[in-house]
Amino acid sequence: MRDHQPINIETLLSHIALFNGLGPDEIAKIAKGAREVHCDKGETLFHRGDPCTGFHVLVYGQIKLSFNSAQGVEKIVEVVEQGQSFGEAIMFLDKPYVVSAHALVPCLLLHVSKSVIFDELAHDHGFVRKMLGGLAMRTHQLMLDVEGYSLQSGKQRIIGYLMHELQEGGYGNENVLLELPVTKGVIASRLNLTQEHFSRILHELTDLGLIQVEGKRIRIPDVDRLNRHQLR
């Protein structure tokens, strides 16, 4: 690991959505149970089966959560982005991690111990609601994933992914150039597709004039037309 400059954990915590509304005293208490974690690209944060002693908040970077099948095929469950937290459910269950976490790019995280979180939950009902809301959103996304894998074709999943990224980025409607946030291999695994199937669908969409692939960028001449094709 490289040497890193120290950070102000209280300042970082105060800018994370999960801790919005907490006063300086509460932030200070949580900061005492938090430590910074730096990961270089490709580094493992934790392995499946490791004990969970708290949860993580990603300050910057990208973390993939994944597991390997008995055949050694990697399945990416989620790509965690800046400002998101993960590991809360396992922390509450007091179980080992069911996935592994690896850094896709250099990352800075905060690990918050479960003891300090449990202390805060005991007397702050607003914080309880925030934690429950985050877990509910994670469960809702899981249900959407299961629905997509079960009921949608590979083409529909890919178009749905592109539409989500367009909405998140606030892009326009015509001649849009979308920068993919991760590699195509990561996206394929996240959508439960093989890389070959993923590439084949991109070629099909290109042949239909719906997209143009430019490395890690996807040019979309007409967003509405692409969205209508998803509904077929």
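The rules we used
Along each chain, residues carry numbers from 1 onward, in the same order as the chain's sequence is written. The predicted nature of this model means local features are confined to residues of pLDDT at least 70 and side-chain atom pairs, given and counted, to a pLDDT of 80 or more, with totals for whole chains, interfaces and linings taken over all residues. Only heavy atoms go into the side-chain values, all of them from the structure, while hydrogens and water stay out. Whenever a helix is involved, its axis is fitted only over the stretch in contact; in every case the axis is a line through C-alpha atoms, and angles between N-to-C directions fall within 0 to 180 degrees. Strands here are runs of E lasting at least two residues and helices are runs of H or I lasting at least four, both read from the DSSP assignment and numbered beginning at the N terminus. For any pair of crossing helices, the crossing counts as left-handed if the nearer helix is rotated counterclockwise from the farther one by less than a right angle, and right-handed if it is rotated clockwise. Contacts between residues were defined by any pair of non-hydrogen atoms, one from each residue, lying within 4.5 Å. Categorising residues by exposure relies on relative accessible area from a 1.4 Å probe, with only protein chains included: less than 20% of the type maximum marks a residue as buried, more than 50% marks it as exposed, and the intermediate range marks it as partly exposed. For two strands to be treated as a pair, DSSP must find at least two bridges joining them. Throughout, the term roughly parallel applies to angles under 35 degrees, roughly antiparallel to angles over 145, roughly perpendicular to angles from 65 to 115, and oblique to all others. All residues other than Ala, Val, Leu, Ile, Met, Phe, Trp, Tyr, Cys, Pro, Asp, Glu, Lys and Arg, Gly among them, are scored as polar; the first ten of these are nonpolar and the last four charged.

Labelled according to an unreviewed UniProt entry, the protein chain appears under the name Crp/Fnr family transcriptional regulator, originating from Dechloromonas denitrificans.

Quick look at the packing of helix H6 (residues 154-169) against helix H9 (residues 223-230) now. In contact at an axis separation of 9 Å, H6 and H9 are set at 145° when each is read in the N-to-C sense. At the point where H6 passes H9, the crossing takes the left-handed sense. Of H9, the residues touching H6 (which contributes Lys-155, Gln-156, Ile-159, Gly-160, Leu-162, Met-163 and Leu-166) are Val-223, Leu-226, Asn-227, His-229 and Gln-230.

With that settled, consider the pairing of strand S8 (residues 107-113). Of all the seven residues making up S8, seven are buried; the element is thus mostly covered by neighbouring parts of the structure. Burial along S8 is two-sided: the residues Cys-107, Leu-109, His-111 and Ser-113 and Leu-108, Leu-110 and Val-112 are all buried. Summarising the sheet, strand S3 (residues 54-60) and S8 pair through six bridges and their orientation is antiparallel. By the bridge assignment for S8, Gly-54 is matched with Ser-113.

Viewed as axis vectors pointing N to C, helix H4 (residues 114-121) and helix H5 (residues 125-151) meet at an angle of 125°, and their least axial separation amounts to 8 Å. With respect to each other, H4 and H5 are oriented oblique. Taking contact as the criterion, the partners of Ile-117, Glu-120 and Leu-121 in H4 are, on H5, Phe-127, Val-128 and Met-131. When its residues are assigned to classes, the contact of H4 with H5 shows five nonpolar, no polar and one charged.

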